[in-house]
Amino acid sequence: PRILEDEDGGVVFVSAALSSAPTSGFGYANIDKQRQRLPIYKYRNAILYLVETHATTIIVGETGSGKTTQIPQFLKEAGWAEGGRVIACTQPRRLAVQAVASRVAEELGVRLGEDVGYTIRFEDLTTSDVTKIKFLTDGVLIREMMEDPLLTKYSVIMVDEAHERSISTDVVLGLLKKIQRRRPELRLIISSATIEAKSMAAFFLDRKGRQRVETHESGPSKEPAILSVEGRGFNVRIHYVVEAVADYVQAAVSTVLAINDQEPAGDILVFLTGEDDIGVAVSLLTEEAQANGNKSSGLIVFPLYSGLPRAEQDLVFSPTPRGKRKVIISTNIAETSLTLEGIVYVVDSGFSKQRFYNPISDIENLVVAPISKASARQRAGRAGRVRPGKCYRLYTEEHFINEMSAEGIPEIQRSNLVSCVIQIKALGIDNILGFGWLASPAPETMIRALEVLYSLGVLDDDAKLTSPVGFQVAEIPLEPMISKMILSSNQLGCSEEIITIAAILSLQSIWVSSRGAYKELDEAKMRFAAAEGDHVTFLNVYQGFLESGKSSQWCHKNFVNYHAMKKAVEIREQLRRIALRLGITLKSCERDTEVVRKAVTAGFFANACRLDVYSHNGMYKTIRGSQEVHIHPSSVLFRVNPKWVIYHSIVLTDRQYMRNVMTIDPSWLTDVAPHFYQHQ
Ligand code: ADP
Ligand code: MG
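Residues numbered from 1 in each chain as written. Chains lettered and ligands numbered in written order. Predicted model: local features only at pLDDT ≥ 70, side-chain atom pairs only at ≥ 80, totals over all residues.

Undergrad: Please set out the site of ligand 1 residue by residue, giving values where relevant.
TA: Neighbouring residues of ligand 1: 16 residues in total, closest G64, K67, T68, T69 and T339. Within the residue set of the shell around ligand 1, elements represented by two or more residues are α3 (67–77) and α4 (94–108). At four residues, the largest contribution of residues to the shell around ligand 1 is made by α3. Grouping the amino acids of the shell around ligand 1 by side-chain chemistry returns three nonpolar, ten polar and three charged. (Near = placed C-beta within 6 Å. Helix = DSSP H or I, 4+ residues; strand = E, 2+ residues; numbered from the N terminus. Nonpolar A, V, L, I, M, F, W, Y, C, P; charged D, E, K, R; others polar.)

So this is what it looks like as C-alpha cells:
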C-alpha cells in the first residue's frame, strides 16, 4: 500500500530503550526474574545511596527501564516506609496511577489498597497506617498539601514523568522545593524518560540552597544528584509516508492491515488523539477483521485512553494469545506513561490533543495538533523493546524535519490558569508571579485568571482568598467555575440538580460514540433534549437512568454510555458529601429550570456568547472577547441557535465549537458578575 513506502536509507532511529528478554512464558512464578532483568536493577544500590545522601535525585531512563514500578519497591526494601512513613509516587495521568499501582501490588503479591495503594480524584484506594507505597496524581498531591502543608507523612516523594511538564507537575515541583527547605529529611526523586536534567538540577539548586550546603555540616547534600539509567536498545526503522495523508484514522487502519499482511508476528501500537478517533479506528478494524475471514482474524483490537473502564484497561495489559496479534489504539498515554509488552510495530499519526489558551481572546481550546519531534521519537521507541521494530509515521519526512518543533511547550504556558492560581492561593502563597516557576506562565494569563477569580468572588481586592466563598471554592476538587456554581445553587435552592450537572460535566461524555449510527444517536438524544440546552438535558438523562434502575440495557437502547453514568453516580455521591461538609443544604428545585440555569450562570458567566444576528450559519460571538464560536454538533442546541448562551468548554476543529451549551437570559450576567460585565 502506498503509505508503506520504505525509503532506502531512511532515518534509522536507535532506541535507547532496553529490553528485557521477550516475555514468553509470562507468569507469576518468574516475576522476580523479570524484575532482575530490568535495567534499573543494576542501579539499585546507586539509587539508594544517592537518595540517602542527597535531598533531590534526578533519574533519567528510557520508558520500560523500570523507574516507576521498581524505585518505590527499592525504597521500601531499604526501610523508607518504616515507622509509619509513606513513599509517594506521582503521575500526571489517572489511568497511569491505577495501572502502575496494580502492577506493583501484583509484583509484591499484595492486595491493591493495602501495602500498595493509589489515590486519584474521587477514588481513594489506600488504607491509613497500612499503605506504604502510594501512587497518586500530582493534582491529588497538591490537594493533600491543603490538609497537610508539609506533607509530613511522606519520607520520599517521587515526581514521575517530569518530562511531560503537565501544569500540576510544574506546580508540584515548585511547591516541593519550598517544602524541602522546611523539611530537610524529605527526599525527592524526579524521574522522567527524557529530561533536561541539568536545568531541572539548576531549578532545585538556587543560591539559598548553596549557602545552606556550606553552613550545615550534616544532613543530605542540597546539590541534586543526577543518575542516568542506560539500557540496551534495539533499532527501530522509521518509515514515512511519501505524500501527506488526508485522513490519519483511515491511514492508520490501512497501515495496521498492511503490517498484519506483510510483517512477521509482533503487536502493534497505534497513536491517535482521543476517545472519538480511537473509537472509529477500533470499529473499522474490528469490522475488517470480521469481514475478512481468516486474513485479519488474527487481530485483537483494544482501545486505550484515560476514560476507559477498569476492566477494559486490564485487557490491554493481558498477554497476547498464541497465534494472535494484538493491536492497541491509544492516546499519547502509551507514549511514556505505560509500558506495553510485546510491541514491535508503532503507527504514529503525528498528532495529539493539546490545550491552547489565548489570554487575549480568553479562550482555551482543545486542539488536535502536531506533536513535537521529542514525542515522535518517544513513540517510535515503543517499538524497540522486545526486538528490532518498525515505526510507521503517517506524515512525511519533510514534515518531521521542518514542521515539527523540537520540544513541546510546557502546559503551564498554554493553559488557562484559573484552577492553578486558586490552588496556589489556597496554600497561602500570595505572590503568584514570584512563585518559583520552573517555566513562567505569561503575565497576561495570570492577570486573566486573577480577574476571573475576582469576578467569581473568590479573591478580594488584595487578591487574597475571600472567606468563606474563596476557601470553599478551593476546597471543592473541581474547576473553580463548577465549584462556584455548586455554592450558588445553595442560595437558589437547586443543589441536588447542580451536583448532578457538576458530576456529569466532569466526565468526557455521557453519550456513546456514534460510529455510523448518527441518526439513531440523534433520535435518542431528542428523547431527552431540553429546550434550555445540554445541562438540563443531562438532568433528564440522569433521571431516566435512575428510573431504569441503573440498567445497562436502558443505556444501550438510548445511546447512553453506561460506564460514564455509573461514574456519574459515584462522583455525585462524593460531591454530595463535600457539599454537606461545606454546609450546603441539599435541596431540589423540582424542575424549576430557571434557577438551575441561574446557578450555572453564576459559575460560567465568563463563557457567555451572543448569536451574531448578521450571520446565517449560527455564528456566535463571545461577549468579552468577540471571538467567533459555534455550537458543537453534539449539543442538543445545535441548529436551534438561541440568542444568548453559555458554554462549558471549547474544542477547535475546523471552527471553535462550544461544547455543553445552555440558554440564558442576558440580564443574569450583570446580576451575577457586575464587575466582569460593567463595560458592556
Ligand atoms: P518505566 O517507568 O521506566 O517506564 P516501568 O517501571 O513502568 O518502567 O516498567 C518496567 C517493566 O515492568 C516493563 O518493562 C514491563 O516489563 C513491566 N511492566 C510494567 N507494567 C506492567 C504491566 N501492567 N503488566 C505487565 N508488565 C508490566
Ligand atoms: Mg514510568
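Undergrad: Which residues make up the pairing of strand β17 (residues 389–393), and what are the values?
TA: A large share of β17 lies buried, amounting to five of its five residues. Taken together, the four bridges between strand β14 (residues 343–348) and β17 define a ladder with parallel strand orientation. Residue pairing across strands places D348 opposite R393, the latter belonging to β17. (Buried ≥ 20, exposed ≤ 12 C-beta atoms within 10 Å, placed from the backbone. Pairing = 2+ DSSP bridges.)

Undergrad: Can you break down the packing of helix α19 (residues 480–492) against helix α25 (residues 593–604) residue by residue, with the values?
TA: Where α19 meets α25, the closest approach of the two axes is 7 Å, and the angle between their N-to-C directions is 140°. In terms of axis orientation, α19 runs oblique to α25. The handedness of the crossing between α19 and α25 is right-handed. The residues of α25 that touch α19, namely those facing M481, I482, K484, M485, S488, S489 and L492, are V595, K598, A599, V600, A602, G603 and F604. Grouping the constituent residues of the contact of α19 with α25 by class yields nine nonpolar, three polar and two charged. (Axes fitted to C-alpha atoms, helices over the stretch in contact; angles between N-to-C directions. Parallel < 35°, antiparallel > 145°, perpendicular 65-115°, else oblique. Left-handed = near helix turned anticlockwise from the far one by under 90°. Contact = placed C-beta atoms within 7 Å.)

Undergrad: Please give an account of unusual backbone geometry that cites residues and values.
TA: Here S467 and P468 are connected by a cis peptide whose omega angle stands at 5°. Assignment of secondary structure puts P468 in the loop between α17 (443–455) and α18 (469–475). The phi dihedral of N660 falls on the positive side, at around 60°, and the residue is not glycine. Structurally, N660 is set in strand β22 (residues 656–663). Residue N660 is classed as buried on the basis of its 25 C-beta neighbours within 10 Å.

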